[in-house]
Amino acid sequence: MERFEPTIVAFVCNWCTYTAADLAGTARMIQSPNVRLVRMMCTGMVDPKYVLKALLGGADAVLISGCHPGDCHYINGNYKARRRVKLLKEILTGFGVDERRVKLTWVGASEGNEFAETVNELVEDIRELGPGETSRMMVI
Amino acid sequence: MATTVSLEVRDANPTKALREFLARLLTEGLAGGVLAGKHLSANGGPQGAVMPTLVTDPALLETTDPLAPSFPLNAARLVSRLTRGEGEGSLAAVLRPCEVRAFTELVKLNQGAMDNVILIGFDCYGAYPNADYPRFIASRAPDEATLAFLAAASKGLTDGEGYTLARACKACEHPAAGGADLNIGLFGVDTGQRLLITANTPRGEGLLNRLALSDTDPAHAQARESALEELIAARSEYRDTMFAETATATESLGKLGAYLSNCISCYNCRAACPVCYCKECVFLTDVFDHKPWQYMGWARKNGQLRMPTDTLFFHLTRLSHMSLSCVGCGQCSNACPNGVPVMELFRLVGDRTQRAFGYEAGRNAEEAPPLTVFREKEFAEVTGGTD
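Cut-offs applied
Residues numbered from 1 in each chain as written. Chains lettered and ligands numbered in written order. Predicted model: local features only at pLDDT ≥ 70, side-chain atom pairs only at ≥ 80, totals over all residues. Heavy atoms only, no water. Contact = heavy atoms within 4.5 Å. Buried area = accessible area lost by both parts, 1.4 Å probe. Salt bridge = Lys/Arg side-chain N within 4 Å of Asp/Glu carboxyl O. Polar contact = N/O pair within 3.5 Å; in protein donor to acceptor, adjacent residues only side chain to side chain. Helix = DSSP H or I, 4+ residues; strand = E, 2+ residues; numbered from the N terminus. Nonpolar A, V, L, I, M, F, W, Y, C, P; charged D, E, K, R; others polar. Buried < 20%, exposed > 50% of the residue type's maximum accessible area, 1.4 Å probe, protein only. Lys, Arg positive; Asp, Glu negative; His and termini not counted. 1 Å grid on protein atoms, 1.4 Å probe; cavity = no way out; pocket = protein on both sides within 12 Å on 5 of 7 lines; lining within 4 Å. Points joined across faces, edges and corners; volume = space filled by probe spheres on them.

Draft legend 1. Inspection of the interface of chain A and chain B at higher detail. Listed as interface residues are 34 residues of chain A and, on the opposing side, 47 residues of chain B. Here chain A and chain B share an interface that buries about 3,800 Å² over both sides, 69% of which is from carbon and sulfur atoms. Its largest share of buried area at the contact with chain B, chain A owes to Arg83, Phe95 and Ile140 of chain A, together 25% of the area lost on that side. For the pair chain A and chain B, the interface holds two salt bridges. Measuring nitrogen to oxygen at the nearest pair gives 2.8 Å for the salt bridge that ties glutamate 378 of chain B to arginine 83 of chain A. Summed over the shared surface of chain A and chain B, the result is 14 residue pairs in polar contact (both at pLDDT 80 or more). Looking at the side of chain A that touches chain B, the elements with two or more residues in it are α2 (48–56), α3 (77–94) and β4 (102–106) of chain A. When its residues are assigned to classes, the side of chain A that touches chain B shows 16 nonpolar, seven polar and eleven charged.

Draft legend 2. Highlighting the side chain of arginine 306 of chain B. With respect to the element layout, arginine 306 of chain B can be found in the loop between α11 (292–302) and α12 (311–322). Buried arginine 306 of chain B, no salt bridge; nearest opposite-charge side chain is aspartate 310 of chain B, N-O distance 9.3 Å. A distance of 2.6 Å separates a polar atom in the side chain of arginine 306 of chain B from the backbone oxygen of cysteine 263 of chain B. A distance of 2.9 Å separates a polar side-chain atom of arginine 306 of chain B from the backbone oxygen of proline 308 of chain B. Ignoring anything within four residues of it in the chain, the contact list for arginine 306 of chain B reads Met138 and Ile140 of chain A together with Leu260, Ser261, Asn262, Cys263 and Thr311 of chain B.

Draft legend 3. Just the layout of surface pockets, in detail. When its volume is computed, the largest pocket comes out at roughly 490 Å³. Surrounding the largest pocket, 20 residues form its lining, Tyr277, Ser320, His321, Met322 and Leu371 of chain B being those nearest its centre. Looking at the lining of the largest pocket, the elements with two or more residues in it are α2 and α3 of chain A together with α12 of chain B. When its residues are assigned to classes, the lining of the largest pocket shows 13 nonpolar, four polar and three charged.

Draft legend 4. The arrangement of the pattern of salt bridges in detail. Counted under the stated rule, the structure contains 27 salt bridges over all chains. Here arginine 127 of chain A ties to glutamate 5 of chain A by a salt bridge, and the two come within 2.7 Å at their closest N and O atoms. On the criterion of sequence distance, the pair formed by arginine 127 of chain A in helix α4 (residues 112–129) and glutamate 5 of chain A in the segment before β1 (8–13) is long-range, its members being 122 residues apart. When the shortest N-O distance is used, the salt bridge between arginine 363 of chain B and glutamate 360 of chain B registers 3.8 Å. Residue classification places arginine 363 of chain B among the partly exposed positions, given a relative accessible area of 40%. A network of salt bridges, in which partner residues are shared, links Arg3, Glu5, Glu124 and Arg127 of chain A.

The following block contains the structure:
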């Protein structure tokens, strides 16, 4: 049987995780190629709609990654993101979406290895979970 | 300790007593206007419309009937209009408990102000859906129908041929307006003799002092308390059954899709929602003006595409916007032309999300809405234990 390759959409902060992803790339770290990065100015501007649209559009998981608490370029955007992700998880898990399909992490600009690890772990987790429900159904 | 006074009822007509009370507020200059439900068609009429009406002339309070079991819309947004910005004189608004709670949410979201308004709530037995109310009132005179309703509802008999109390009301565990300045007590009260008025705020206390009404017999207040507790227990039970049924019916996204499959994207639920307050809803912007080739692409993905599209997306987005402020008034279901049980869904999710943030919509005006604040250390589980 063919191995399941999940599709993961990642919303990453320009000031930290995006730079870390860049670092992981230039340092030639081994990462699963399942993640599509969307560069945001801050996790605080990740509208819950973006996450919902990605999941309903067939993504198997969504990763949101920003600066460590206290390090936000805009002072507190990441704290706001954390509350929004909390809200999204509450809504989605009620409809049978596994909690692991929406992931929030903090990855600083210098943590290229951390980023590669996060991606690899998430891809393994989702591979284990299998395809998201929306990838197999007609979403109304 | 909240003060409770007794308002004498004559001719066994509590509606009339309430009208006289409201007239006193106007004539004694305690309020410049009264917003309350009023029968707009004489003798009930074929429509039997009871609409919130802003009355400044006490003589025109004649057909005002806030206790009528009609709930055409949640008036919280009307009060928001009447209190946002510079006002003129103070307003007394007679509202159902869910309207008081929705207005409290709107005030916290800067969509209205408490400064110049006296909120008068009342013990609410619930109301009929818009489609049922005309069948309930039939050809009866408005007062007669309302009095019959109060008498029957106090015995728990609200449903009849062609009309049943809205499910939202049957599942409402907040039947009294604890957040209003004044609450008119009906539960467990002999409404042919008296109404109880309880002041919940200093403004309410001041008002009662100026009206110099007589304190009530503590036994009457006690009887009301126990009737209230009994009603809350019955409604909570109904609510929990409703939650369990809805949770099973929507336990996967596929099932949620089936649950919402009758939705025609009219957005009436959003228009009727008191806490969905955006001037321009994103779902009406060109973000959702998809191009023909986009539809074709989506259809090709699974071989078919339901039109209209974005139904799940709309409802999930709305849930992320309003579930934390949902007061469970049920106007979404009231406004749905296709009978989609949206109230059941929104209430269930609202219960989950509000619980997650230790928040209760409309509980008090001081509690900040969860998405407007944050703490440095919280919800460590969201990021896998790191904060």
